[in-house]
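Read off the chains here:
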Amino acid sequence: MAELQEPELGQVISINKRAKQFGALDLGSNSFHLVIAQENHGRIQILDRHKETVRLAEGLTKNKKITKAAEDRALACLKRFAERLQAVNTKDVRAVGTSAFRRASNSKGFLRRAEKILGKPIEIVSGHEEARLIYLGVCSNYEHGENPSLVVDIGGGSTEIIFGENSTPTTLTSVNIGCIPLSQKFFPEGIAKKEAMKKAVSQALAELAPVREKFVKHLWRTCLGASGTIETVFSLASTPANRPVIDFNILSQIREHLVLDDTKKNKQLMRIPEDRRAVFPGGLAILMALFETLDIKEMQFSDGALREGLLEDMFSAY
């Protein structure tokens, strides 16, 4: 597995015009991500990152159709991505769509328009493939990726759970529960009431129960969490700087602060990035259900996710 080399804050990146550059587009149900990288002496050197909150899953109707408003947001974002990708050969770009695209019944027209913008088709990956790519990306940003590890990623439309060791995933699943539909159902306008949180956790527990036995039989040394919900939890948690981990007690504390009735005085809610407030309560409910279902004692955060997994795949084929 190639090592990912992230630029330090304020560092000026030297772009080697002779080095091959890669573009990875992760078109998720909540956010679209673009990463551009180049090969640098056997390493993947990140040149550019860009993220936009599109909320494609939020734009799915009851008939599983992408609304025009959601489609317009997505296409406008892809136009901005295409501008950033001008220096990258289209054959070295990979764009993948995840849960919202798998569920949408009218995605063909959108995909045609998106292909004209990007100059190449968008690949709709299965839940299994999404989980595999997430595992590769998480391990690429974790120095002990060879250890037996459990990886979880809570997305906008689905949740991926993976066990692996020696940087190889062996048990993978994608559960059809994400922070957007759960938040829409139980937490309208991002307001989290105590009874609604109980119901959201109960639904998440029910959705996760069928996959429990696949994972609790494994003995993992490390549990790693990825993507926006878990990143936000870590930003809210008070953890020692030398050992940044979260446990169920920390999640319970965050929940208790989140469900304060007077949201105007809820300082914790104000600490959540504005583009995540509406979907965070659902994500927290899923995370609490994951801890309970899989008997997770503590979790670390990894910056790596699906887009880094795409880079790993392209780099290994290079």
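Just so we're clear, the structure is a prediction, and the values are computed from it rather than from any experiment.

(A) Highlighting the packing of helix 9 (residues 248-258) against helix 11 (residues 280-293). In contact at an axis separation of 11 Å, helix 9 and helix 11 are set at 150° when each is read in the N-to-C sense. With respect to helix 11, the element helix 9 is oriented roughly antiparallel. Our pair here, helix 9 against helix 11, has a crossing hand that is left-handed. Residue-level contacts link Phe 248, Leu 251, Ser 252, Ile 254, Arg 255 and Leu 258 of helix 9 to Phe 280, Pro 281, Leu 284, Leu 287, Met 288 and Phe 291 of helix 11. Here the residues of the contact of helix 9 with helix 11 sort into ten nonpolar, one polar and one charged.

(B) Seen up close, the pattern of salt bridges. Enumeration according to the criterion identifies 18 salt bridges in this entry. For Asp 313, the salt bridge identified is with Arg 94, shortest N-O distance 3.2 Å. Pair noted here: Asp 313 is in helix 12 (residues 306-317) and Arg 94 is in strand 5 (residues 93-97), with a separation of 219 residues, a long-range link. Here the two residues Asp 313 and Arg 94 agree in accessibility, since each one is buried. Within this structure, Arg 94, Glu 123, Glu 129, Arg 132 and Asp 313 form a network of salt bridges that share partners.

(C) Looking closely at the packing of aromatic side chains. According to the stated counting rule, one finds four aromatic pairs in the structure shown. On the basis of an interplanar angle of 55° and a centroid distance of 6.4 Å, the ring pair of Phe 186 and Phe 187 is categorised as tilted. Here Phe 186 matches Phe 187 in class, with each residue buried. Residues Phe 234 and Phe 301 carry aromatic rings whose centres are separated by 5.9 Å and whose planes lie at 40° to one another, so their mutual orientation is tilted. Of this pair, Phe 234 sits in helix 8 (residues 228-236) while Phe 301 sits in strand 11 (residues 300-301), and the two are 67 residues apart along the sequence. Residue Phe 301 is classed as partly exposed on the basis of its relative accessible area of 26%.

Scoring rules and cut-offs
- Position numbers for residues start from 1 in each chain and track the written sequence from start to end.
- In keeping with the predicted nature of the model, local features appear solely for residues at pLDDT of at least 70, side-chain atom pairs appear and are counted solely at 80 or more, and the whole-chain, interface and lining totals rest on all residues.
- Note that water and hydrogens are dropped before the side-chain values are worked out from all heavy atoms of the structure.
- Note on definitions: angles span 0 to 180 degrees between N-to-C directions of axes, and those axes are lines fitted to C-alpha atoms, for helices only across the stretch in contact.
- Secondary structure follows DSSP: runs of H or I at least 4 residues long count as helices, runs of E at least 2 residues long count as strands, and numbering of each begins at the N terminus.
- Any angle that is under 35 degrees is reported as roughly parallel, and any over 145 degrees as roughly antiparallel; angles of 65 to 115 degrees are reported as roughly perpendicular and all others as oblique.
- By definition, any crossing whose near helix is turned counterclockwise from its far helix by less than a right angle is left-handed, and any crossing with a clockwise turn is right-handed.
- Note on contacts: a residue pair qualifies if any of its non-hydrogen atoms lie within 4.5 Å across the two residues.
- Residue type decides the class: Asp, Glu, Lys and Arg count as charged, Ala, Val, Leu, Ile, Met, Phe, Trp, Tyr, Cys and Pro as nonpolar, and the leftover types, Gly among them, as polar.
- Salt bridges are defined by distance alone: a side-chain nitrogen of Lys or Arg within 4 Å of a carboxyl oxygen of Asp or Glu.
- Buried means the residue's accessible area, taken with a 1.4 Å probe over protein chains only, is under 20% of the maximum for its type, while exposed means over 50%, and partly exposed covers the values in between.
- Stacked, edge-to-face and tilted labels apply to pairs of Phe, Tyr and Trp rings (six-membered ring for Trp) whose centres lie within 6.5 Å, assigned for plane angles under 30 degrees, over 60, and everything in between, in that order.

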